[in-house]
Amino acid sequence: MFRLFPDLSEDLLLNLFHKGIHAQWSSRDLDWESPLVFTEAQCRSLGRILTPVYLGEQSAMLGAAAILPQMAEAGESTAQVYLCSFMMDEGRHFEALTRLYHHMKQEPIPIRQMPSMLRYHHRLRQGDRVDWVWGILISDLFAKNFYQMFAKSQPQALFGDMSRRVLQDESRHQAFADHYLKAAIRQLPEERLIALRIMRDDLLRIMETMHVQLREDADCIDLDGASFLEHLVTDISQHAVRIGLDQPPDGPGRRPRPAPLAKTVDLSSARPHHRPKSSGRRPQMAAPTEPAEDCDTCYLAAICHSRLARAVAR
Ligand SMILES: [Fe+2]
Ligand SMILES: [Fe+2]
């Protein structure tokens with residue numbers, strides 16, 4: 001698995017890595033004195049509507065850490081190097097949004113109030129590195145469409161400026177995902193392609209659920225959730241064609257894909273709910289007695305399955 005002297009060829013992924021290095025920024029580069037242009041009620045709604053995006057930043061960062069060894073094992077050296085810059089980007093977005101929450105004196109929606117977020121991130125964890133890159137592309141497109149609205153509508157305001165900077169990072173992420181998936185999809189059998197399409201439909205279905213729950217908040221900040229989702233679906237479809245997952249709508253070959261039947265997302269492999277023991281000993285993970293979404297720590301464990309999450313659980 002470990003190669004001391006791998007071949008780091010000058011490919012697009014290495015190029016994206018170098019671009020990322022030269023485009024570094026942090027929340028300290030933002031002007032925190034610039035106006036928010038939101039009323040107090042709108043700040044509350046923005047804090048709520050931002051929650052899936054905020055969790056997406058964390059999920060991307062943690063997911064990349066879990067995928068890195070798979071890329072090493074496959075000898076994908078330039079993808080490994082690129083992914084390190086991706087983690088830095090997502091870490092930066094996570095930190096900047098955390099600071100924004102504090103600045104607005106708001107908090108994200110707790111997971112227990114919106115368990116669809118847990119389902120979304122659990123769905124992203126299923127499969128191998130190709131599934132993950134596809135899921136991350138979908139999440140990045142969601143984030144891109146979201147940030148784009150603010151970057152365009154309020155370029156002088158604090159969140160508009162932050163959004164503009166995040167978008168520059170996201171464009172590299174999309175270029176990576178397109179390139180990586182284009183090469184990977186050529187090698188995949190039809191059943192894997194079907195699985196990727198089902199994953200897209202699962203993620204979109206969960207996004208719709210979130211949209212319904214956040215409709216009032218969207219109205220409060222003049223965000224048209226329905227057209228947002230419509231635009232997102234078009235964007236994802238275009239990328240699916242670009243990477244070779246789908247045929248162009250009027251192209252030869254496959255027929256238009258029928259929508260799969262509603263599919264329940266299986267939470268059975270999510271880390272079980274835990275409770276601290278009063279014995280003074282380090283608490284052990286208990287057998288699952290409640291759905292994982294009842295506990296924010298379980299959510300974290302479910303999205304990363306890492307020692308970090310188990311440490312948080314203690
Ligand atoms: Fe991000
Ligand atoms: Fe991203």
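No experiment lies behind these values; they were computed from the predicted model shown.

Trainee: Looking at this structure, how should I read the overall build of the chain?
Mentor: Each helix and strand in the chain was counted, giving 12 helices and zero strands. Of the regular secondary structure in the chain, the N- to C-terminal order runs α-α-α-α-α-α-α-α-α-α-α-α. Looking at the chain residue by residue over its 314 residues, the buried ones come to 49%. Partitioning the contacts of the chain with sequence separation of at least 6, the portion at a separation of at least 24 is 80%.

Trainee: What is the right way to read the coordination of the iron ion (ligand 1) from this model?
Mentor: Coordination sphere of the iron ion (ligand 1), protein contribution only: Glu-57 (OE), Glu-90 (OE), His-93 (ND1) and Glu-170 (OE), at 2.0 to 2.4 Å. Its four donor atoms give the iron ion (ligand 1) angles of 80 to 145° at the centre, a pattern that matches the irregular case. Written as a sequence motif, the donor residues of the iron ion (ligand 1) are E-x32-E-x2-H-x76-E. The distance between the iron ion (ligand 1) and the iron ion (ligand 2) comes to 3.4 Å, and Glu-90 binds to both of them. A residue pair is termed long-range when its members are at least 10 positions apart, and His-93 in helix α4 (residues 77-104) and Glu-170 in helix α7 (residues 158-185) qualify at 77 residues. The pair His-93 / Glu-170 is uniform in exposure class, with both members buried.

Trainee: Sorry if this is basic, but what is going on with the nonpolar core here?
Mentor: Soluble, globular proteins show a tendency: their nonpolar side chains are buried together. Grouped together as the largest cluster of nonpolar side chains are 80 residues, with contacts concentrated most on Leu-100, Trp-134, Phe-146 and Phe-159. Ranked by residues supplied to this core, first place goes to helix α6 (residues 129-153) with 14 residues. Not counting residues up to four positions away in its chain, the partners in contact with Trp-134 are Leu-181, Leu-196, Met-199, Arg-200, Ile-236, Ala-240, Ile-243 and Leu-245.

Trainee: Got a minute to help me understand the coordination of the iron ion (ligand 2) in this structure?
Mentor: For a metal with four tetrahedral donors the ideal donor-metal-donor angle is 109.5 degrees, whereas six octahedral donors ideally subtend 90 or 180 degrees. The coordination sphere of the iron ion (ligand 2), as far as protein atoms go, consists of Glu-90 (OE), Asp-140 (OD), Glu-170 (OE) and His-173 (ND1), spread over 2.2 to 2.3 Å. Relative to the metal, the four donor atoms surrounding the iron ion (ligand 2) lie at angles of 76 to 157°, and the coordination shape comes out irregular. Site description for the iron ion (ligand 2): donor spacing in sequence, E-x49-D-x29-E-x2-H. Judged by its relative accessible area of 5%, Asp-140 is buried. A relative accessible area of 1% means that His-173 is categorised as buried.

Trainee: For this particular structure, what's the right way to read helix α3 (residues 51-73)?
Mentor: An α-helix turns once per 3.6 residues; consequently, residues spaced three or four apart project the same way. With 23 residues, α3 should reach 33 Å at 1.5 Å per residue; the first-to-last C-alpha distance of 34 Å fits that figure. Along α3, the sharpest change in direction is near 30° and occurs at Ala-66; proline Pro-69 comes one to four residues later. Phi for Gly-75, located one or two positions after α3, is positive at around 70°.

Trainee: Just to check I follow, could you spell out the packing of aromatic side chains for this structure?
Mentor: Geometry of an aromatic ring pair is reported as the spacing of the ring centres plus the angle between the planes. Going through the model one piece at a time under the given rule, you end up with 13 aromatic pairs. Ring geometry for Phe-38 versus Phe-150: centroids 6.4 Å apart, planes at 70°, classification edge-to-face. Placement of the pair is Phe-38 in the loop between α1 (12-22) and α2 (40-49) and Phe-150 in helix α6, with a sequence separation of 112 residues. We note that Phe-38, like Phe-150, is buried. Three or more aromatic residues link up through ring pairs in this structure, and these residues are Phe-38, Phe-146, Tyr-147, Phe-150 and Phe-159.

Trainee: Before we go on, may I ask you to explain the pattern of salt bridges in this structure?
Mentor: One side chain can pair with another of opposite charge once the charged atoms of both are near each other. Counting across every chain of the model gives 18 salt bridges. When the shortest N-O distance is used, the salt bridge between Asp-202 and Arg-123 registers 2.7 Å. In this pair, Asp-202 is assigned in helix α8 (residues 190-213) and Arg-123 in helix α5 (residues 116-124), connecting sequence segments 79 residues apart. Like Arg-123, Asp-202 is buried. Of the charged contacts in the structure, one is a salt bridge between Asp-161 and Arg-164, with a shortest N-O distance of 2.8 Å.

Trainee: Hey, could you run me through a negative patch on the surface in this one?
Mentor: On the surface, Glu-216, Asp-219, Asp-222, Asp-224 and Glu-230 cluster together to form a negatively charged patch. Within the secondary structure, Asp-222 is located in the loop between α9 (215-220) and α10 (225-242).

Trainee: Whenever I open this one, a nonpolar patch on the surface confuses me. Can you help?
Mentor: Together, Phe-2, Leu-4 and Phe-5 give the surface a local cluster of nonpolar side chains, amounting to about 520 Å² of exposed area. For Leu-4, a relative accessible area of 76% puts it in the exposed group.

Trainee: Whenever I open this one, the side chain of Glu-170 confuses me. Can you help?
Mentor: Buried charge without a salt bridge: Glu-170, with Arg-172 as the nearest opposite-charge side chain at an N-O distance of 8.8 Å. Among the polar contacts made by the side chain of Glu-170, one reaches the side chain of His-93 at a distance of 3.4 Å. Dropping the residues within four chain positions of it, Glu-170 is found in contact with Glu-57, Glu-90, His-93 and Asp-140.

Definitions and cut-offs
- Residues numbered from 1 in each chain as written.
- Chains lettered and ligands numbered in written order.
- Predicted model: local features only at pLDDT ≥ 70, side-chain atom pairs only at ≥ 80, totals over all residues.
- Heavy atoms only, no water.
- Helix = DSSP H or I, 4+ residues; strand = E, 2+ residues; numbered from the N terminus.
- Buried < 20%, exposed > 50% of the residue type's maximum accessible area, 1.4 Å probe, protein only.
- Contact = heavy atoms within 4.5 Å.
- Donors = N, O, S within 2.8 Å, 3.2 Å for Na, K, Ca; no water.
- Tetrahedral: all angles 85-135°; square planar, octahedral: opposite > 155°, others 65-115°.
- Core = buried A, V, L, I, M, F, W, Y, C linked by side-chain atoms within 4.5 Å.
- Expected span 1.5 Å × (residues − 1).
- Bend = angle between axes of the 7 residues up to and from the residue.
- Phe/Tyr/Trp six-rings, centres within 6.5 Å; stacked < 30°, edge-to-face > 60°.
- Salt bridge = Lys/Arg side-chain N within 4 Å of Asp/Glu carboxyl O.
- Patch = residues over 30% accessible without salt bridge, like charges linked within 9 Å, V, L, I, M, F, W, Y side chains within 5 Å.
- Areas by Shrake-Rupley, 256 points an atom, 1.4 Å probe, with all protein chains shown as cover.
- Lys, Arg positive; Asp, Glu negative; His and termini not counted.
- Charge placed at Lys NZ, Arg CZ, Asp CG, Glu CD.
- Polar contact = N/O pair within 3.5 Å; in protein donor to acceptor, adjacent residues only side chain to side chain.

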